[in-house]
Amino acid sequence: MKSRFWIILSSVFAAAMIAFGIWGDQERMAKDAVMIQAENQYQQSFHELTYYVDSLEKSLGMSLAMHTRETMRPQLVETWRLSTLAHGAANQLPLTLLPFNKTNEFLSHVGAFSYKTGVKATNDRPLSDKEYASLQKLYRESMGIRQGLRDIQENVMARHLRWMDVEWALKTKKQNQDNQVIDGLKQVDGQATSYTQSFSPENPSNAALKKKSLKKLEGPVMNKKEAASALKKWMNLTDARTSKISETGKGSNMDAYEVTLQNKDRIPIEASVTRKGGHVIWFFADRPVGKEKISLYEAANRAGAFLKKHGLTGMELTKKERYDRTAIFTYVLKRNNIRIYPASLRLKVTLDNGEVIAFDETDYLFNKYDQIPMTPKLSAKAVMKQLNPKLVVQESHLVVFQNPLLQNVLCYEFFATRGQDTYRVLLNAENGDQEKVELLRN
Amino acid sequence: MRKCLTPGVLAAMLVLTGILPNDGWVTAFSDQVITQGESGDDVIELQARLQYIGFFKGKIDGRFGYGTYWALRDFQQKYGLNVDGQAGDLTKQKLVKASNFDAAFVHQNLEAGNEFTYFGGVPLDQQVRKKTGTPNATKENRVSQGRYTMDNLPQGYSKADINLMANAVYGEARGEPYIGQVAVSAVILNRVADPRFPKNIPDVIFQPGAFTAVSDGQIWLTPNETAKRAVLDAINGWDPTHGALYYFNPETATSAWIWSRPQIEKIGKHIFCK
């Protein structure tokens, strides 16, 4: 009796063990399959990256041998295409937290340069000395990067290194220890640095996030208390309580205080105030918005009154948008009847009682827009010849536009229609180049 | 302009328009000035009336976009009004006089999601193409509290972009105060603008190792309205981080590298840095 019980129990146990074993093995196989697939994807991206950088170097080298822009153009377009592909491949690698960034930056410079000189430029003159020097520099740099990537590739293949391990190393604390792939990439990165630093003045697109620190502010430097009271006065909330105030750290482009105000109605108002001058950079409060009572038109009037009250005059309302029960208005500075797009500010107004619940003047405060010739070289009529004859121009203005290279250019802005579609076309008022075409949402 | 119209004159005009053959429908324009960017019933009436007299050829959808704007300006020009592209009292009166508006027809078709036009002089039954399949009951077309709720999108962004960002923000920062959620949204946008990162929103979000919510699958939780609002605020220009590219939670961050980044500020639980 007893032994029979034991036989049954042990056979059940054995069966369970076998089933568990089979299940576990299947799980492991499934997991391996997923791991291998992920690893293969990384491998593919990396090999693609090396291939594209290889071709990029060749392409840059070939363009150096050509003289007129017309003959060079196909090669520059090819370079542009390759830089985009390489950039895409590089961004699929698990490298966010590595200083591999600089290589990406290099690729983006190649892209910007080849686009500007090969795709966008409409004239046929040969490259200027400066442009040629840039091209040479890019070529030299590409050789270094290609070599570095090839070295890593060799290493990865010879030692069967896996990208999944890189990811693990990044996830755990070990990334500063020995990891062949990471070390190799750091080396490549070191090579790119020198280039990037010297490239900046001509092609300053790596300043994208620094642009806002350009303009000098007026007024005295304030301490926390002064800044908080300046804010309260500006907001007309003199009896609000400062529940938090802190200084921005050294990574910030602008020295500011971050303030949280606690009002009676218990909705916190977050704001940022510059240390110099106590200017309010932005503020916002996230409060529930009640039933809609006022129109967009009325809301725009409230926004206009708010600006007037705060001495922000000479602005033109250029964009009105509704999101649910709030409206967002964009104002642009107008000087000599020219819209200055880099100097813009935004307001958010509720449609229940017309209160301004958010405000942002980062661009207006910090963006530089002086030192632009404010008289066009070409007439609107001359520039308009560049437009497609099928477009019907409805409105035109003179504007200052900040292009992707962060240069301010004087442009003619045309609002034109074709059938039911509305386009905004910006044509350079100095040389007629097309700066931007936008299909506006209807 | 509107000030010089006495209530008496206004009333007389209302009576006059009531007498006109309007299929029994008296003008429903509210007193508000209708301006570009507006949406709702007034815009529907405006578009329908402009279409009736041939100025507006686009879709009657209750959104005052550029198509409506140019049509209204055309109308103002032809009728000797001040060309400002917004429908104030005078413009509305002229428009009501010059056109017809069959509210029942227009609203019925809008609700049913039919494709339709409202040109004057064409029999109404020839202007409707019924929507095949299930009747349209999507949020965009349903009447709520007498208004059409409409999802407007910022220029240059698709609905998919915004939904994806809302997912990421919710997965990353749902426990954070509102400003912290705007900040996370802003970091995503700052990365798109930075040459060192991918150039579009999906690639930035799915870049391997970039966001923990992607790695651990929390990005697929359903985001709430707060996360969506935060995303829209960031897209519309609010950046509480002053241009940050990274952020981390100092309590759980294991990477030594992230601590070496120049810090900007702490918002909620996250430290934002360059």
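Residues numbered from 1 in each chain as written. Chains lettered and ligands numbered in written order. Predicted model: local features only at pLDDT ≥ 70, side-chain atom pairs only at ≥ 80, totals over all residues.

If you look chain B up in an unreviewed UniProt entry, it shows as Spore cortex-lytic enzyme from Sporolactobacillus putidus. Looking at the Sequence similarities (unreviewed entry) heading of the UniProt record, one finds this comment for chain B: "Belongs to the SleB family." (UniProt positions renumbered as here; feature names shortened; annotations may be inferred.)

In the nomenclature of an unreviewed UniProt entry, chain A is known as Sporulation protein YpeB of Sporolactobacillus putidus.

K.L.:
Could you give an account of the pairing of strand 10 (residues 408–418) of chain A, naming the residues involved and the relevant values?
P.N.:
Every regular strand shows the same layout, with side chains that alternate between the two sheet faces. Residue and element names in this part refer to chain A. Most of strand 10 sits inside the fold, with 8 of its 11 residues counted as buried. Of the strand pairs in this sheet, strand 10 and strand 11 (residues 421–428) are connected by 8 bridges, and their pairing is antiparallel. Note on strand 11: the bridge partner recorded for Thr-417 is Thr-422. Hairpin connection from strand 10 to strand 11: 2 residues lie between these consecutive antiparallel strands, with Gly-419 at a positive phi of about 60°. (Buried ≥ 20, exposed ≤ 12 C-beta atoms within 10 Å, placed from the backbone. Helix = DSSP H or I, 4+ residues; strand = E, 2+ residues; numbered from the N terminus. Pairing = 2+ DSSP bridges.)

K.L.:
So what about the nonpolar core? Which residues, and what values?
P.N.:
As a rule of thumb, soluble globular proteins bury nonpolar side chains together. Of all hydrophobic cores here, the largest spans 101 residues; its most connected members are Val-273 of chain A together with Val-169 of chain B. Here this core gets 8 residues from one element, more than from any other, and that element is helix 7 (residues 178–193) of chain B. Once residues within four sequence positions are removed from consideration, Val-169 of chain B is found in contact with Gln-181, Val-184, Ser-185, Pro-223, Ala-227, Ala-230 and Val-231 of chain B. Judged by nonpolar contacts, the second largest core, of 26 residues, contains Val-33, Tyr-66, Leu-95 and Phe-116 of chain B. (Core = buried A, V, L, I, M, F, W, Y, C linked by C-beta atoms within 7 Å. Contact = placed C-beta atoms within 7 Å.)

K.L.:
Explain the UniProt feature "domain: Peptidoglycan binding-like" (unreviewed entry) in chain B to me, using residue names and the numbers behind them.
P.N.:
Taking the UniProt record as the reference, the feature "domain: Peptidoglycan binding-like" (unreviewed entry) is found at residues 39–95 of chain B. With 56% helix and 0% strand, residues 39–95 of chain B has end C-alpha atoms that lie 18 Å from one another.

K.L.:
An account of the confidence of the model for chain B is requested, with residue identities and associated values reported.
P.N.:
Residue and element names in this part refer to chain B. Looking at chain B as a whole, its pLDDT mean stands at 79, while 82% of the residues score no less than 70. Counting interchain partners and residues more than four positions distant, the pLDDT-below-50 stretch residues 9–26 has 11 contacts. Reported confidence for the predicted complex is 0.80 by ipTM and 0.75 by pTM. (pLDDT = per-residue confidence, 0-100.)

K.L.:
Would you mind going over the sheet that holds strand 5 (residues 246–248) of chain B in detail, with residue names and values included?
P.N.:
Residue and element names in this part refer to chain B. Strand order in the open sheet formed by 3 strands is 5-7-6, with antiparallel pairing between adjacent strands. Whereas interior strands pair on both sides, the edge strands pair on one side only; in this sheet they are strand 5 and strand 6 (263–267). Neighbouring strand axes in the sheet, compared pairwise and without regard to direction, differ in orientation by 25° on average. Sheet analysis places strand 6 next to strand 7 (residues 270–273), joined by 4 bridges and oriented antiparallel. Paired with Ile-267 across the strands is His-270, a residue of strand 7. The sheet strands contacting helix 7 are strand 5, strand 6 and strand 7, and the helix crosses strand 6 at an angle near 145°. (Axes fitted to C-alpha atoms, helices over the stretch in contact; angles between N-to-C directions.)

K.L.:
I'd like to hear about the packing of helix 6 (residues 159–173) of chain B against helix 7 of chain B, residue by residue, with values.
P.N.:
Residues and elements named next belong to chain B. One way to put it is that helix 6 packs onto helix 7 with a least axis distance of 10 Å and a crossing angle of 125°. It follows that helix 6 is oblique to helix 7 by the angle criterion. Seen from above, helix 6 lies across helix 7 with right-handed handedness. Contacts from Met-165, Ala-168, Val-169, Glu-172 and Ala-173 of helix 6 reach helix 7 at Gly-180, Gln-181, Val-184, Ser-185 and Ile-188. (Parallel < 35°, antiparallel > 145°, perpendicular 65-115°, else oblique. Left-handed = near helix turned anticlockwise from the far one by under 90°.)

K.L.:
I'd like to hear about the interface of chain B and chain A, residue by residue, with values.
P.N.:
With 52 residues of chain B at the contact, the number on the chain A side is 55 residues. Every element with two or more residues in the side of chain B that touches chain A is listed here: helix 3 (66–78), helix 7, helix 10 (225–235), helix 11 (256–259) and strand 6 of chain B. Tallied by class, residues from the side of chain B that touches chain A come to 20 nonpolar, 21 polar and 11 charged. (Nonpolar A, V, L, I, M, F, W, Y, C, P; charged D, E, K, R; others polar.)

K.L.:
Describe the environment of Gly-219 of chain A, and please don't skip the residues or the numbers.
P.N.:
Residues and elements named next belong to chain A. Here Gly-219 shows up in the loop between helix 6 (180–199) and helix 7 (224–235). On the basis of neighbour counts, which here come to 12 C-beta atoms within 10 Å, the residue Gly-219 falls in the exposed class. Counting along the chain gives 56 residues from Gly-219 to Arg-275, while the straight-line C-alpha distance between them is 9.3 Å. Beyond its immediate sequence surroundings of up to four residues, Gly-219 is in contact with Lys-276, Gly-277 and Gly-278.

K.L.:
Go over helix 6 of chain B with me, naming the residues and quoting the values.
P.N.:
All names here are of chain B. Its 15 residues place the ends of helix 6 21 Å apart at the C-alpha level, agreeing with the 21 Å of an ideal helix rising 1.5 Å per residue. Counting buried positions along helix 6 gives 11 out of 15 residues, so the element sits mostly inside the fold. Within helix 6 the residues assigned to the buried category are Asp-161, Leu-164, Met-165, Ala-166, Asn-167, Ala-168, Val-169, Tyr-170, Gly-171, Glu-172 and Ala-173. Residues of helix 6 that are buried make contact with helix 7, helix 8 (201–206), helix 9 (212–215) and helix 10. (Expected span 1.5 Å × (residues − 1).)

K.L.:
So, the pairing of strand 8 (residues 356–360) of chain A: which residues are in play, and what are the values?
P.N.:
Residue and element names in this part refer to chain A. Counting buried residues along strand 8, 4 of its 5 residues qualify, which places the element largely inside the surrounding structure. Inspection of the sheet shows strand 7 (residues 338–350) paired to strand 8 by 4 bridges, in the antiparallel sense. The residue of strand 8 that forms the bridge with Arg-346 is Asp-360. Hairpin connection of strand 7 to strand 8: 5 residues between the antiparallel strands, including Gly-354 at a positive phi of 75°.

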